[in-house]
Structure formats: structure tokens, C-alpha cells
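# Overview (structure and organization)
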Amino acid sequence: MLTAFIKPNAKMDQYGKVAGLSAIELPVWLMLFAQSVPGSVVVDMEAEGLDHAGLVARLGSLKAGRAVVLATGSHPSAHVQQAEAAQAVRRVVGEALGITTEIHDRLPFDPLKAGQLDLARVPMVKYRAHNWHGWGRDDLAYGATFASISCPFHCDFCCVKDFYGSGYRQRDPGAVVEDVRALVENGVTNIKMMDELFAIDNPGVHAVCDGLAASGLADRLNIWAYARIDTVTPVLLKKMRAAGIRWLAYGIESGNEAIRAGAAKGAFTNARVRDVVAMTKAAGIHVVGNFMFGFWEDDSVTMRQTLDLAKELACEYANFYCVTAYPGSRFYDEMKARGVDLPAAGAEYAQMSPRFKPVPSAKLSGRDILAFRDAAFMEYFTDAQYLAMMARSFGDGTVAGIRAMTKIKIRG
Ligand code: SF4
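Residues numbered from 1 in each chain as written. Predicted model: local features only at pLDDT ≥ 70, side-chain atom pairs only at ≥ 80, totals over all residues.

## Some points on the sheet that holds strand β3 (residues 64–70)
Here we have four strands laid out as an open sheet, ordered β2-β1-β3-β4, and parallel in their pairing. The open sheet terminates on both sides in strands that have one partner only, identified here as β2 (41–44) and β4 (100–104). Neighbouring strand axes in the sheet, compared pairwise and without regard to direction, differ in orientation by 25° on average. In this fold helix α2 (residues 28–35) packs onto β1 (2–7), β2 and β3, with an angle of close to 170° to the strand it touches most, β1. (Pairing = 2+ DSSP bridges. Helix = DSSP H or I, 4+ residues; strand = E, 2+ residues; numbered from the N terminus. Axes fitted to C-alpha atoms, helices over the stretch in contact; angles between N-to-C directions. Contact = placed C-beta atoms within 7 Å.)

## Remarks on the packing of helix α4 (residues 52–62) against helix α6 (residues 83–97)
Across the interface, α4 lies against α6 with an axial gap of 10 Å and an inter-helix angle of 55°. Classified by the interaxial angle, the pair formed by α4 and α6 is oblique. Crossing hand, α4 versus α6: right-handed. Residues His52, Leu55, Val56, Leu59 and Gly60 of α4 touch α6, and the partners they reach there are Val89, Val92, Val93, Ala96 and Leu97. (Parallel < 35°, antiparallel > 145°, perpendicular 65-115°, else oblique. Left-handed = near helix turned anticlockwise from the far one by under 90°.)

## Some words on the domain arrangement of the protein chain
Partitioning the protein chain into structural domains gives domain 1 (2–104) and domain 2 (129–323 + 359–405). Relative placement of domain 1 and domain 2: their C-alpha centres are 27 Å apart. (Domains from an automatic or database assignment.)

## Description of the sheet that holds strand β11 (residues 286–293)
Taken in spatial order, the six strands line up as β5-β8-β9-β10-β11-β12 in an open sheet, and their pairing is parallel. Edge positions in the sheet fall to β5 (142–145) and β12 (317–322), since each has one partner strand and no second. Each strand axis lies, on average, 20° off the axis of its neighbour in the sheet, ignoring direction. Summarising the sheet, strand β10 (residues 245–253) and β11 pair through six bridges and their orientation is parallel. Counterpart to Ala249 in the pairing with β11 is Val288. Along the sheet, helix α8 (residues 173–185) contacts β5 and β8 (190–193); its crossing angle with β5, the most-contacted strand, is approximately 165°.

In C-alpha cells form, the structure reads like this:
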């Protein structure tokens, strides 16, 4: 009996009108899970552009007798958003083909024991990098690998441990280099290092960087990875750049130090944020700044502080999110205890979805916070100084792409 491992297509629900700018990501966890079942097949509905009718036809032609869905994207919060899509797959294939679908919304295997990624299981040409990741590059061919699972930190709004069912553990550095080599052999140099937090100054991360630097591949690589303001050092940054890491995403979260410290994101100061962003740029690595609006203590003054800090830092890309209470996080429990009306449906957790349901702060409604977030995005990406910097760094083509991005109205 053939088992089909299915990635549902929740793209439009999750991203709405900006779906075309978002990445189509290699389903790494699904692929590794499938590799444990000989003769199984991976059906990536998103990459293959399959709707439910297409899925039914595909499973019928494969004569599949069992279906497995991992209700997750590359980020653990996506498992909340994808739950509905997984249920829809179960309903459709059950009704049309009488096939039972097993749904997992937590990792049901140990990725550190799963071996190398078998890229032949998926249509590699269909994967596409985020728009910003491809700035200044000729192509958007995209892949991913990982060097660790889970995270050694404990931020209130984060649910990564719930997803992995594990604390922070690192993979064999040689396996990471071999995954990257296989991706390059498949024509992919834009790569996501999927680790929840890759840039930690520890021997395992140094070994991965040293391995990539010694592989002869690094000059071609355009890797992005997550970092924290309090986990990078000048030596590590230099090593990461030599390993082909060209973008680091930092969770800066708030421009207000008290609010940032309250979210257990770290007691680092704005001065430290400025230093680390400058240090990262000086190492030749572009910065993605991640900022959040709508912490419980946030009001219009503190949210403005956050936007002002983002503009001052002049990150090459900035993600602006509304704080969201994901089940499994401490913040979710706190909001529930406060009696806040929390999202119920998967798409209500999706930041760019028209159905996104933002949660309130003590002083502001969810709707006000969302309006500020949307306005902040426009203010940041239409700023003349920012656009001039981007023209110098990436050229006029990138600036034209950014201008086109700001013409998209997320809502309405
Ligand atoms: S550092 Fe990032 S991944 Fe780790 S707990 Fe905090 S938010 Fe989650």
C-alpha cells in the first residue's frame, strides 16, 4: 500500500494578496518523515499548484492507500494556520477515495536521526525564495536545510518547543554541508537555514560555518538564517559570512526596552541593537529586522518607538508583525486568562490573510494595532532614505520591485 505524504496548499489563506512575494519552501520535515517509509511519495500541493481535485486525481493515479499530512510549514506557528487545510485534505480524500489521512501537528520523528535530504522526492524547480532574499540575484531557486532543532531560549510568545517536543539539539555539521552540496548540485544557491536560532556562538555552529567555508561552495551561496542580538559576536559574524550566509534575521521585536525585556526576548538595550546591526552590516551580511506591534503594554507611543527604531536601523528588509497568541505559548495562556477573544480558525492566525484576527493590547484594540502595522509597512518601504540605500546596495531593479510591493493593498 503506497503512502502519500501531503503538504496542503494554504498559500492564499495564509498570504492573501502578497502570496506572490512569499517563498515556496521546501517541505523539509515532510520529506524527512517520508524517507522513513520505503516506497512512499511526497505530494507538495503548494509547489505543484494542486487544488483538491488535482490532489484526488494525483492520489488516484498513484493508487495511494494511505495519506499523511504534517500540518506545519517551515515555522512552527504555521502548524496552527495549516490545521484547517489539513482537515480539508482529510475530508476530500476520504470522501473521494475512501483513504484515511493521518494528521500530525507536532514533529512525529527525530530529524537528527533522519539522515540526508533526498531532493529527488520533490519538484525542486518549483521552490521559490522570498522576494527580499533574491534581491540582487539572478534567480529565486530555493532550498533549505537545518543544523539544529528547537531553541535554548524561552520567549513568551513562542511555541517552538511544543512543535519539536524537544529542547535545543544540534545536527552533525557534516550532514548540513552535504545537504547544501546536494542543493547546489540541483542548481539551488538561495538557501534557508531553517534553525529557529542558527547564529549561536557555540562549537557546533562554528563547525557548520567552517565546513561550509571549506566546501568550496560558499562564494556561490546566498543563505539566510535566524540570529539574536545577544548571540552573535564579531568572530561568528565573520565566519558566517565566509560560510555563504548573506542575510541574518534578528528578532528585535520592540523599540521600547521595557516591553522587549517583558517579553523575555532578552534584556538587550537599543544601543546594543544598533551596535549589532552595524556590526552585521560591516561583516557584509544584510539584516532582516523582525518587529512586533501589540504587546500587552503597547500603546501608540511605544509602537511609534518601534517603527522609529526600525527606520533608524535601516535594515535591508523589515518584517512587521502583530503580536499573536499561538496555542502552546505562555502568552496564549496569559491572554486566555485575561478573557481575550482569541483566533479560532487557522487563517485567523495568518498575518497577511484577509481573515487575520489580531489580539488587543491593554490600551488598543486588535483592529487599531493591525492598522498601525499596515501603515508602518508602507512608511518603512516608501521612505526615500531607505530606497536610496537599497539602490546603492542592490540597484534600481530591486527598488522597482520594492515600489511594486508597496502598491499591493493587503486589505480592501
Ligand atoms: S529566540 Fe526565537 S525561537 Fe527561541 S524561544 Fe525566542 S522567539 Fe522562540
